[in-house]
Amino acid sequence: MTKKQGIIKNSDKTVILLFLVMVAIGWLNIYAAEYTEGRGHVFDLGTSFGKQLMFILSGLVIAAAVMLIDVRFFTGFAKIIYGVSILLLVAVLFAGVEINATKAWFRIGGLAFQPSEIAKYGTALALASIIGNMRTRKPGKADLLKGFGVILLPAGLVLLQKDVGTTLVFLSFSLALFREGWIGLIALAVGGIAVFLFVLTLMMNEFIIIGGLAFMAVVIGVITRKKTGAVLHVITLFLVLSGYVYSVDYAFDNILQPHHKARIEVLVHGNADLQGAGYNLHQSKIAIGSGGLWGKGFLQGTQTQFNFVPEQTTDFIFCTIGEEWGFAGSLVIIGLFVWLLLRLLYLAERQKSTFSRVFGYSVTSVLFFHFAVNIGMTVGLVPVIGIPLPLISYGGSSLWGTTLMIFTFLKFDANRHEML
Amino acid sequence: MQIHNKSGQYAGRRKIVSGIIIVVGLVLLGRLFMLQIIDPSYKAFARSNFLRHITDYPARGLIYDRHGELLVYNEVHYDLMVIPGQVGDIDTLEFCRLLNMDVSTFESRLLQARRHSRFRASVFERQISKTTFAAFQEKMFRFPGFFVQPRTLRRYTYPIATHTFGYVGEAGPGIIGNDPYYRPGDFIGISGIERAYEKELRGQKGLRIRMVDVFNRDIGPFHDGRYDTLAIAGKDIYTTLDTQLQLYGEKLMQNKRGSIVAIEPATGEVLTLVSAPSFDPGLLVGRQRTRNYRMLQNDTLKPLFNRALMAQYPPGSVFKLVSTLIALQEGVVEPHTRYGCGGIYHAGGISVRCRSHPSPVNVVTAIKYSCNTYSSIIFQNTINNPVFGGIQHAFSHWRDYLVSFGFGRTFGSDLAFELPGLVATADYYDRLYGRSGWRSQTILSLGIGQGELGVTPMQLANMTAAIANRGYYLTPHVVKAIDDPSSPNTRYSLANNIPIDKEHFETIVHAMHMVVEDGTGRFSRIPGISMAGKTGTVQNPHGENHSVFVAFAPVDDPQIAISVVVENAGYGSVWAAPIASLMIEQYLTGKVQRKWFEDRVLNQSFLTAQP
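Residues numbered from 1 in each chain as written. Chains lettered and ligands numbered in written order. Predicted model: local features only at pLDDT ≥ 70, side-chain atom pairs only at ≥ 80, totals over all residues. Heavy atoms only, no water.

## Examining the domain arrangement of chain B
Residue and element names in this part refer to chain B. Operational definition: Where each domain starts and ends comes from a domain assignment, either automatic or drawn from a database. Contacts are residue-level and defined by heavy atoms, with any inter-residue pair within 4.5 Å sufficient. Put simply, buried area is the surface a 1.4 Å probe can reach on two separate parts but cannot reach once they are joined, added for both. Salt bridge criterion: a side-chain nitrogen from Lys or Arg within 4 Å of a carboxyl oxygen from Asp or Glu.
Annotation of chain B at the domain level lists domain 1 (52-239) and domain 2 (243-278 + 305-602). Taking the mean C-alpha position of each, domain 1 and domain 2 sit 47 Å from one another. In this assembly, 24 residues from domain 1 lie in contact with 29 residues from domain 2. In total, domain 1 and domain 2 occlude about 2,100 Å² of area from one another, counting both sides; carbon and sulfur atoms represent 59% of this. Three residues, Arg66, His163 and Tyr238, lead the burial of domain 1 against domain 2; their summed loss comes to 34% of the area buried on that side. Across the domain 1-domain 2 interface, the total number found is two salt bridges. Between Glu264 and Arg66 there is a salt bridge whose closest N-O contact spans 3.3 Å.

## What about the sheet that holds strand 8 (residues 206-212) of chain B?
All names here are of chain B. To be explicit about the condition: One bridge is not enough; two strands pair if DSSP finds at least two bridges between them. Think of it this way: any DSSP run of H or I at least four residues long counts as a helix, any run of E at least two long counts as a strand, and we number them from the N terminus. Comment: axis = line fitted to C-alpha atoms, over the contacting stretch for helices; angle = value between 0 and 180 degrees taken between N-to-C directions.
Reading across the sheet, the three strands line up as 1-8-9 and stay open at both edges, with antiparallel pairing between neighbours. This sheet does not close on itself; its edge strands, each paired only once, are strand 1 (51-56) and strand 9 (218-221). On average, each strand axis in the sheet is tilted by 35 degrees relative to the strand beside it, whichever way the strands run. Against the sheet, helix 3 (residues 41-50) contacts strand 1 and strand 8, and its axis sits at roughly 60 degrees relative to strand 1.

## Observations concerning the domain arrangement of chain A
Along its sequence, chain A is organised into domain 1 (3-195 + 258-414) and domain 2 (204-254). Once you take the C-alpha centre of each, domain 1 of chain A and domain 2 of chain A turn out to be 36 Å apart.

## Looking at the interface of chain B and chain A
This is how it is decided: Nitrogen and oxygen atoms within 3.5 Å of one another constitute a polar contact, given that in protein one can donate a hydrogen and the other can accept it, and given that sequence-neighbouring residues count only through two side-chain atoms. Side-chain classes follow a simple rule in which Ala, Val, Leu, Ile, Met, Phe, Trp, Tyr, Cys and Pro form the nonpolar group, Asp, Glu, Lys and Arg form the charged group, and the remainder, Gly included, forms the polar group.
Counting from both sides, the interface comprises 40 residues of chain B and, opposite them, 59 residues of chain A. Taken together, the two surfaces of chain B and chain A that pack against each other cover about 4,400 Å², and 70% of this comes from carbon and sulfur. Remark: the boundary between chain B and chain A carries zero salt bridges. For the interface between chain B and chain A, the tally reads nine residue pairs in polar contact (both at pLDDT 80 or more). The dominant element in the side of chain B that touches chain A, judged by the number of residues it contributes, is helix 2 (residues 13-38) of chain B, at 19 residues. In the side of chain B that touches chain A, the residues fall into 24 nonpolar, nine polar and seven charged.

## Thoughts on the pattern of salt bridges
Residue and element names in this part refer to chain B. Enumeration according to the criterion identifies 27 salt bridges over all chains in this entry. Here Lys595 makes a salt bridge to Glu598, at a shortest N to O gap of 3.3 Å. Taken together, the residues Lys595 and Glu598, both in helix 22 (residues 595-602) and three residues apart, mark about one turn of the helix.

## Re a nonpolar patch on the surface
Let me state the cut-off plainly: Each patch is built from residues lacking any salt bridge and having more than 30% relative accessible area; the joining distance is 9 Å for like charges and 5 Å for nonpolar side chains (Val, Leu, Ile, Met, Phe, Trp, Tyr). Residue exposure ignores everything except the shown protein chains as possible cover, and the areas themselves are Shrake-Rupley values with a 1.4 Å probe. In this scheme, a residue with accessible area under 20% of its type's maximum is buried, one over 50% is exposed, and one in between is partly exposed, where area comes from a 1.4 Å probe on protein chains only.
Taken together, the side chains of Leu293(A), Trp294(A), Phe33(B), Met34(B), Ile37(B) and Ile38(B) define a hydrophobic patch exposed on the protein surface, amounting to about 610 Å² of accessible area. Along the polypeptide, Phe33(B) turns up in helix 2. Using a relative accessible area of 36% as the deciding quantity, one classes Phe33(B) as partly exposed.

## Some thoughts on the packing of aromatic side chains
All names here are of chain B. Rule in force here: Within 6.5 Å between ring centres, the rings of Phe, Tyr and Trp (the latter by its six-membered ring) count as paired, and their orientation is classed by plane angle as stacked under 30 degrees, edge-to-face over 60, tilted in between. Two conditions define a charge located above a ring, namely a distance within 6 Å from the ring centre to NZ of Lys or CZ of Arg, and an angle within 35 degrees of the ring normal.
This model, assessed by the stated rule, comprises 50 aromatic pairs over all chains. When the ring of Phe405 is compared with that of Phe407, the centres are 6.5 Å apart and the planes differ by 25 degrees; the resulting orientation is stacked. There is no split in this pair, since Phe405 and Phe407 are both buried. Within the aromatic cluster, the residues linked to one another by ring pairs are Phe319, Phe379, Phe395, Trp398, Phe405, Phe407, Tyr428, Tyr429, Tyr433, Trp438 and Phe505. Lying over the aromatic face of Tyr181, Arg202 brings its terminal NZ or CZ to 3.7 Å of the ring centre.

## Looking at the confidence of the model for chain B
The cut-off we apply is this: The pLDDT value expresses, per residue, how confident the predictor is, ranging between 0 and 100.
On average, residues of chain B carry a pLDDT of 87, and 98% of them reach 70 or more. Considering only residues more than four positions removed or in separate chains, one finds that residues 1-6 of chain B, a stretch of pLDDT under 50, has 12 contacts.

## A short note on the packing of helix 17 (residues 391-404) of chain B against helix 18 (residues 426-433) of chain B
Residues and elements named next belong to chain B. For clarity, the threshold we go by: Each angle is binned into one of four classes, with values under 35 degrees roughly parallel, values over 145 roughly antiparallel, values of 65 to 115 roughly perpendicular, and all other values oblique.
Between helix 17 and helix 18, the shortest axis-to-axis distance is 9 Å and the interhelical angle comes to 140 degrees. Looking at the two axes, helix 17 sits oblique to helix 18. Contacts from Gln392, Phe395 and Ser396 in helix 17 reach Ala426, Tyr429 and Asp430 in helix 18. Residue composition of the contact of helix 17 with helix 18, by class: three nonpolar, two polar and one charged.

## Description of unusual backbone geometry
Residues and elements named next belong to chain B. In the segment running from Ser359 into Pro360, the intervening peptide bond is cis, with an omega of -5 degrees. Relative to the assigned elements, Pro360 resides in the loop between strand 14 (350-353) and helix 15 (363-369). In this structure, the amide linkage connecting Ala553 to the following residue, Pro554, adopts the cis form with an omega of -15 degrees. One can find Pro554 in the loop between strand 21 (546-553) and strand 22 (560-566). Of note, the phi angle at Lys302 is positive, near 50 degrees, even though the residue is not glycine.

## Focus on helix 19 (residues 457-468) of chain B
Let me state the cut-off plainly: For a helix, the expected span equals 1.5 Å multiplied by the number of residues minus one.
Across its 12 residues, helix 19 of chain B extends 16 Å between first and last C-alpha, which sits within 8% of the 16 Å expected from 1.5 Å per residue. Looking one or two places after helix 19 of chain B, you find Arg470(B), whose phi comes out positive at around 60 degrees.

The structure is reproduced here in structure tokens:
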């Protein structure tokens, strides 16, 4: 058995198949979104579907290369890859070009490249390396500092690019940390409550929420009044949450940039300004909502074909699916993503090394975050923060970054027996 | 081993992470289910995004006179329309400069249109001039959401027959709410023929559905035009009006208040319908319509009021024709029955005056001299006829005759806004005087056409036509044919018979001929034409009496029956009779020989003599 045959045999066929199917679906929908009758050949590099075909082919080359490189390259060079991606994030602040108000792109010839896509990959590797090389079961102070630092550093640099969406993606590593016991269930729950209260604060007057919290505190206080110290806990919790709600409101009014504020306001207050910030979301919902059960058919979407949805090949690619393939198509896409994510979790759990398990969880978490937020924003559940739908959206950086992450993990999985 | 332990300690958390992924997937699916399956509004939004419904307005039907002369036609103009949902970031100042409009007007109009509908077209500016249209057309691409809609306006060959034509106005909110055919900005017939024949005249709007992209560029017809409908032009209306007679009638009635109604007895076709004072129908067309309408509404001469169909007068002496016919039919008087007249008639404390004339009189001479005494006697004979055994029954019987002549009710023909007039019932007098409190002398004035009687000039003309026909009339109407002049309007071809024998009509016709030859109307005799007529002078408690004359000619082959009312003009023989005589001469000979006679009428004004 040659080494090459072994790699194919040991690779997870399910993930590879899902990868190929999703990339193909993505390309078809990019084609539909850009299609104009009688114009543009499939390989026309002046069109996004022509370019995407090239990205897919080069992505497959990357995938093959990853599978052929010795696995120790990734474990050994994890920190170096991370370091290079940090350098690129710094460099882009000086040498990058501004696209859509974010300074997150290098332009090389006709192609734009987004280093933050590499940074996600690098961060996943670095985090896996830190946790995988821990000497004790419980992380020490130095481990914690390194672990969180390795996530916060690129997140901070991406924030400097004014790319809020990608910055938030780094939040997703908390899911991997949760699995490793770095974050407790309570912390995750508190995080959930914090996010819930955050959205609630934007939706209604903060004093109503604080009033609601006070009411709940009184009820809980009365129930637990016989437990010593419980009342003190309840009061403390109430004050902390109220302070949080108030500061979110303050931050929203005084710190956020106007266009972010507008986008959030659109989300929480409905279609207030249809010509402005609400336009994207409104047209997106029209496209998806008008798809019905079976959709309007390939190349038959009126919202898609007459270009009513802006950014339709990238952040709003899900509109094309929703409009032309209907609820049935939406179901398929969501089904494929959930299947892929659960399959990746399954693979991560069967890893023998902590390194590859953490990496697998990180990859899954990042993909999950993109999936949830991207589709969530097209249907109006999440503010429009502009991150792509992995494997589906148009864009070389995103596709390559995702391919790197998935296939590096598949490589680990294929070699899981050797990695002790 | 350490690694395995580590893996083991938190391995259960995989389930939580899996759970989170599945829950999020289900939440997204639930939301998509709401959007795509449950909520239908997005489908409508998507349609309104890319579909434009373009209405093609058909030309409104034309209106002709009885000889095929064109009287009402159309002229194209342009309305500036807006679809508020598509108005993007436009150069408002430039736009306002083109339209010569200030910015606040622009904004309030846009807001108004938006309130109506974001996705349906509303009229933004009505009837823009050709130059504005040309300038705007050139820059149209810079103002997405705006477009120009060609429409037609009514034009009139002559400024006549306003009340008969009626006018066209914008469909109001009430109409739009009740009839889905009409949209804001659509026109609808408001009165006259335009109203009565709205369905025929308007035709059928056509609809084209076009697809547009996000820049509002036309992409092509939706489904290759499968759902498009063609506009169907309105049908033309051929009226019964005689243009020359109508023109002449309006000329004669200048500076007078009153009306002329002329009917062709054999068909019930209205030859002329004049209500004076009148106004140019062109005033109620286009942008100035509202302003002009208000002006006409505030005019103390009430030009908007169609006297021919809506003014109600006691008929006066012309009514003696009807009451005498009834008396003859009831057998309470014979043609040769003679009564003496001493200039006044007394009946139970009530007295009726009469002008001096030869005495005694019979049926014919009583009509000829318009003898009040004779009419009073035969009226009392009719009402007191013992065969009825009571005044209620006798009066109701008498009243039935009146209704058979068309009094006290509308004809239900194609004349918009006709009024029924007034013919009191027995119940009315019972209520007024008590059941046994009234006698024939109580209502004696009815016998000479005064009292509780209100008739319209149209009803008088119809009565005259019925006498000319010797006992029947055809419902008076103004439309001869629709769409095709050779296929006549058959809606009114049934004769309405009056239950009075023909011989009695012959007696009355003879009497009416005598009126003109040698009686109260002799002054208006037309040389060479045999005319039958009856004068009337309607007592008017508010001012000078009204002058009334009814006539038909020729006596043996009636071509025209006419009623003329001139308000506050005094004796019927002095003004109404000459006008009727001139009208008949004009109609039968095509010209008027008696110039001095005509000038006398033309030079007379009664508008200053109003109360």
